[in-house]
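Structural overview for review
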Amino acid sequence: MATTESDSLDVEAIRADFPILEREFGDQQLVYLDNAATTQKPEQVIDAISDYYRETNANVHRGLHQLSQEASIAYETAHDRVAEFIGASGREEIVFTKNTTESMNLVAYAWGLNELGPGDEVVLTEMEHHASLVTWQQIAKRTGADVNYIRIDEDGRLDMDHAAELINENTEMVSVVHASNVLATINPVGELADLAHDNDAYIFVDGAQSVPNRPVDVEAIDADFFAFSGHKLCGPTGIGVLYGKQQILEEMQPYLYGGDMITKVTYEDSTWNELPWKFEAGTPAIAQGIALAEAVDYIDEIGMEKIQRHENELAQYALEQFEKFDDIEVFGPPAGEHRGGLVSFNVEGVHAHDLSEILNDYAVAIRAGDHCTQPLHDKLGVAATARASFYIYNTKSEIDTLVEALDDARQLFA
Ligand SMILES: Cc1ncc(COP(=O)(O)O)c(C=O)c1O
């Protein structure tokens, strides 16, 4: 893997690390533009998993034998690496979960069920992923709290005046997506954190679509909680991260009970392990945790600023190509700093599902559907959108292939 000395990525060298990109369907080379759903994995991450099972496999925290000690050190150190990557103070603030969804549920159950009650308010945005929306909706139903949604404007940006109105002394939690997985909007999470804290509320930032693509510093944002998934940043599935400020995590009750998360158990009662293990009950996803640290090393070595710039360039290029067609409707804000590396769109007269199926004949992988944001799609007045999302190994010529395939799809439906 390599980057050039210049500001841009050495995409050819990066592509060589991803064996799956060599796949062909018929005589057509795979064009993978479904990175917001999950990214592909480089050899380095694949090797980390297989090396672990070949050389180190043992349960963690339990054994005194050499293998268990090595596995424990590697798994625990992975927490340190992730902490450093997102600007947390240390491993105490990094809980490994299954994914962003589980991180959200952990806080909703462990904090929300205990702390929320009638009269309390949870503030979300109209662009939340179901991971956040459904979770807080259900916890609110069980506790009698209310859920309110910060409006979005016509460009898909948050209405910050409305945010300032909604976040008030009744607010206990503000849960916002950092980068929208549909609109590509980058939300002003620092500003929202200030609004939350001015009202003695917590803020939970859903970083599933931001951590893979841009530098993130949880302390600079002043997030109380922050979550992301390993599989969206070149890591394996089955591993996610919950960041929480240490003091808040100390005060919270565990979410799952069982082995490893305890200090002392009697027939009458139990006490809890230190952070972060208090929140990691049972045998964790050891290989995945270790491979996540490898993935973080991989993308960090490329450089998060460069990755952000590369994705912005690709998104900008795609937007320019789409602009040439007046039957393509693009969702979200115009290209720029406040837009991430994905483009959701519809071609007039062609259902997004049909589009995706036709593109599949060209070996172009995009996503079509509601992208786990049904209320947002209702708001946009569409049942589904097509979404092309870019990552470090994508090129402008792949976007050209996408546009050519779109052209043919359009003619099929003409
Ligand atoms: C913004 C956002 N939040 C949360 C999630 C949920 O991630 P996971 O399915 O890995 O839990 C996604 C996944 O697409 C997402 O895009």
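Overview of the structure. (Residues numbered from 1 in each chain as written. Predicted model: local features only at pLDDT ≥ 70, side-chain atom pairs only at ≥ 80, totals over all residues. Heavy atoms only, no water.)

Quick word on the environment of Ile 299
How we decide: The helix and strand labels rest on DSSP assignments: H or I over at least four residues marks a helix, E over at least two residues marks a strand, and numbering proceeds from the N terminus. Partly exposed residues are those whose accessible area sits between 20% and 50% of the maximum for their type, while under 20% is buried and over 50% is exposed, using a 1.4 Å probe and protein chains only. By definition in these notes, contact holds between two residues if any of their heavy atoms fall within 4.5 Å.
Within the element layout of this structure, Ile 299 appears in helix 10 (residues 286–302). Look at Ile 299 and you get buried, because its relative accessible area is 0%. Between the C-alpha atom of Ile 299 and that of Cys 234, which follows or precedes it by 65 residues, the distance is 7.9 Å. In this view, Ile 299 contacts Phe 85, Pro 212, Leu 233, Cys 234, Met 304, Ile 307, Tyr 391 and Ile 392; residues no more than four positions away in its chain are not counted.

A few points about the side chain of Gln 209
By the element assignment, Gln 209 lies in the loop between strand 8 (202–206) and helix 8 (218–221). Residue Gln 209 is classed as buried on the basis of its relative accessible area of 11%. Setting aside anything within four residues of it in sequence, one finds Gln 209 in contact with Ala 36, Ala 179, Asn 181 and Lys 232.

Examining helix 4 (residues 100–115)
Where we set the bar: How far a helix is expected to stretch is found by multiplying one less than its residue total by 1.5 Å. Here the bend at each residue means the angle between axes fitted to two seven-residue stretches, the one ending at that residue and the one beginning there. Two N or O atoms form a polar contact when they lie within 3.5 Å of each other; inside protein one atom must be a possible hydrogen donor and the other a possible acceptor, and for residues adjacent in sequence the pair counts only when both atoms belong to side chains.
Helix length check: helix 4 (16 residues) gives 21 Å between terminal C-alpha atoms against 22 Å at 1.5 Å per residue, within 8%. Along its length, helix 4 reaches its greatest deviation from straightness, about 30°, at Ala 108. Of all the positions in helix 4, only Thr 100, Ser 103, Met 104, Asn 105, Leu 106, Val 107, Ala 108, Ala 110, Trp 111 and Gly 112 are classed as buried. Lining the buried residues of helix 4 we find strand 4 (94–97), helix 5 (130–143), strand 7 (171–177), strand 8, strand 9 (225–229) and strand 10 (240–244). Measuring from the side-chain oxygen of the N-cap residue of helix 4 to the backbone nitrogen of Thr 101 gives 3.2 Å; that N-cap residue is Asn 99.

Observations concerning the sheet that holds strand 4
The condition is simple: We call two strands paired when DSSP finds no fewer than two bridges between them. Every angle, taken between N-to-C directions, lies between 0 and 180 degrees, and every axis is a line fitted to C-alpha atoms, over only the stretch in contact when it is a helix.
Pairing within the open sheet is mixed, and its seven strands lie in the order 4-10-9-8-7-5-6. Each end of this open sheet is capped by a strand with a single partner; those strands are strand 4 and strand 6 (146–150). Pairwise comparison of adjacent strand axes, ignoring direction, gives a mean angle of 20° for this sheet. One ladder, built from five bridges, connects strand 9 with strand 10; its direction is antiparallel. Within strand 10, the residue paired with Phe 226 across the bridge is Tyr 243. Running over the sheet, helix 3 (residues 66–86) touches strand 4, strand 9 and strand 10 and is turned about 115° from strand 4.

Section: the packing of aromatic side chains
Counted only if it meets this: Between the rings of Phe, Tyr and Trp (Trp by its six-membered ring), a pair exists once the centres lie within 6.5 Å; its type follows the angle of the planes, with under 30 degrees stacked, over 60 edge-to-face, and the other angles tilted.
Tallied over the entire structure, the rule returns 13 aromatic pairs. Ring geometry for Phe 322 against Phe 345: centres 4.6 Å apart, planes inclined by 55°, an arrangement best described as tilted. Taken together, the positions of Phe 322 in helix 11 (residues 304–323) and Phe 345 in strand 14 (residues 342–347) put the pair 23 residues apart, joining distant regions of the chain. In this structure Phe 322 comes out as buried when scored by relative accessible area, which is 1%. Its relative accessible area of 0% is what places Phe 345 among the buried residues.

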